[in-house]
Protein chains: 2
Amino acid sequence: MAATTTPCCALIAREPLSETDAADLALMLKAVADPVRLRLLSMIGSHAGGEACVCDLTDAFDLTAPTISHHLKVLRTAGLIDGERRGTWVYYRIVPETVNRLGALFTPLTEPAPAQPVDAELRTA
Amino acid sequence: MAATTTPCCALIAREPLSETDAADLALMLKAVADPVRLRLLSMIGSHAGGEACVCDLTDAFDLTAPTISHHLKVLRTAGLIDGERRGTWVYYRIVPETVNRLGALFTPLTEPAPAQPVDAELRTA
DNA sequence: CTATGATTTCGACAGACGTCGAATTAGAGG
DNA sequence: CCTCTAATTCGACGTCTGTCGAAATCATAG
């Protein structure tokens, strides 16, 4: 019982990221690397019921509705949030699996190393 | 024994990010939201001895030395890596505290809520 | 001191990105 | 059917960003 534990660093520091994994992850990170989108994500996630109406979000910024809509689309395309129309309003909620994937990249691991290669962890929820 | 535990979501979904925190974090995330910089970070972190020479990194890409140097500067400015010159070569290593801060943002918390407000966690290592 | 190799700085350029106003789509309610 | 409001799409504009080649800096070796 020696070979399966690797008490080291964050996932990103385990082994060099493949070119395609890096490109993939960069897309997700780009989506989140903007002050407005960070706040949107945070507002949606911390809103009562776990979801927020676009109207609530728009009011919280000094930006036009098209701009907010654009940012929401970026987050949605990256799989970080999910939107649903109910009547006149559209409600967005966080997709925890995708958000967690980002966290796993940079969070130090103290657990035993997985049986599968790193790729598996990156791609799976 | 009721008020101090909040078994909820990631830090980012705890409460709405302040405007300044969001701007601050976006800077760090922008630094990492690029395929080349992600791979650089990964290569540095996973390299033997926890550090890598610029020459090693440059060889791994189809990019010119100035471009790699530019990306390293972005990572260094964001506080994600730290460089040191030893003789002819310059060696870079990861700054784990900064990297961990990113992870904490998106990683779900199952621990008791902190005594300090969320701001404290975002700013501290 | 000069030469050589490693790394960074500088200036330029093409492409990506955030923002807006105008126009469009989609329901709700007369 | 018409109107009103919510939200998205579209087109345009200025700015930021990734890349390069040329030049500068730094340290070791002759």
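Residues numbered from 1 in each chain as written. Chains lettered and ligands numbered in written order. Predicted model: local features only at pLDDT ≥ 70, side-chain atom pairs only at ≥ 80, totals over all residues.

Student: I keep staring at the protein's contact with DNA strand C and nothing clicks. Help me out?
Tutor: Surrounding DNA strand C, one finds 24 residues, the nearest of these being A:P66, A:G87, B:C55, B:P66 and B:S69. Considering every element that reaches the surface near DNA strand C, the biggest residue donor is helix α4 (residues 65–77) of chain B, with six residues. (Near = placed C-beta within 6 Å. Helix = DSSP H or I, 4+ residues; strand = E, 2+ residues; numbered from the N terminus.)

Student: Sorry if this is basic, but what is going on with the protein's contact with DNA strand D here?
Tutor: As a matter of local geometry, DNA strand D sits amid 25 residues, with A:C55, A:P66, A:S69, B:P66 and B:T67 nearest to it. Breaking the surface near DNA strand D down by element, the ones donating at least two residues are α3 (54–59), α4 (65–77) and β3 (89–94) of chain A together with α4 of chain B. For the surface near DNA strand D, the element with the most residues is α4(A), which contributes six residues. Here the residues of the surface near DNA strand D sort into eleven nonpolar, eleven polar and three charged. (Nonpolar A, V, L, I, M, F, W, Y, C, P; charged D, E, K, R; others polar.)

Student: Help me out: how do you make sense of the relation of the copies chain B and chain A in this one?
Tutor: When chain B is brought onto chain A, the operation consists of a screw motion whose angular component is 180° and whose axial shift is 0.0 Å, with 0.0 Å RMSD remaining. When the rotation and shift are considered jointly, the pair of chain copies conforms to a two-fold rotation axis. For chain B, the minimum C-alpha distance to the rotation axis belongs to B:G103 and amounts to 2.2 Å. Of the interface residues in chain B, 100% have counterparts in chain A that sit at the interface too, so the contact is made through matching surfaces. (Least-squares fit on C-alpha atoms with pLDDT ≥ 70 in both. Contact = placed C-beta atoms within 7 Å.)

Student: I keep staring at the sheet that holds β3(A) and nothing clicks. Help me out?
Tutor: Think of a sheet as strands paired side by side through backbone hydrogen bonds, with each pair either parallel or antiparallel. Residues and elements named next belong to chain A. With antiparallel pairing, three strands are arranged side by side in an open sheet as β1-β3-β2. Of all strands in the sheet, those bounded by a partner on one side alone are β1 (51–53) and β2 (81–86). The sheet shows a mean angle of 30° between the axes of neighbouring strands, taken without regard to direction. Sheet topology places β2 next to β3; six bridges connect them, and they run antiparallel. By the bridge assignment for β3, G83 is matched with Y92. (Pairing = 2+ DSSP bridges. Axes fitted to C-alpha atoms, helices over the stretch in contact; angles between N-to-C directions.)

Student: Help me understand the sheet that holds strand β2 (residues 81–86) of chain B in this model?
Tutor: Residue and element names in this part refer to chain B. Pairing within the open sheet is antiparallel, and its three strands lie in the order β1-β3-β2. The two strands at the open ends of the sheet, each matched to only one other strand, are β1 (51–53) and β2. Between one strand axis and the next, the sheet turns by 30° as a mean value, whatever way the strands run. Strands in contact with helix α2 (residues 35–46) are β1, β2 and β3 (89–94); relative to β3, the strand with the most contacts, it is inclined by about 95°.

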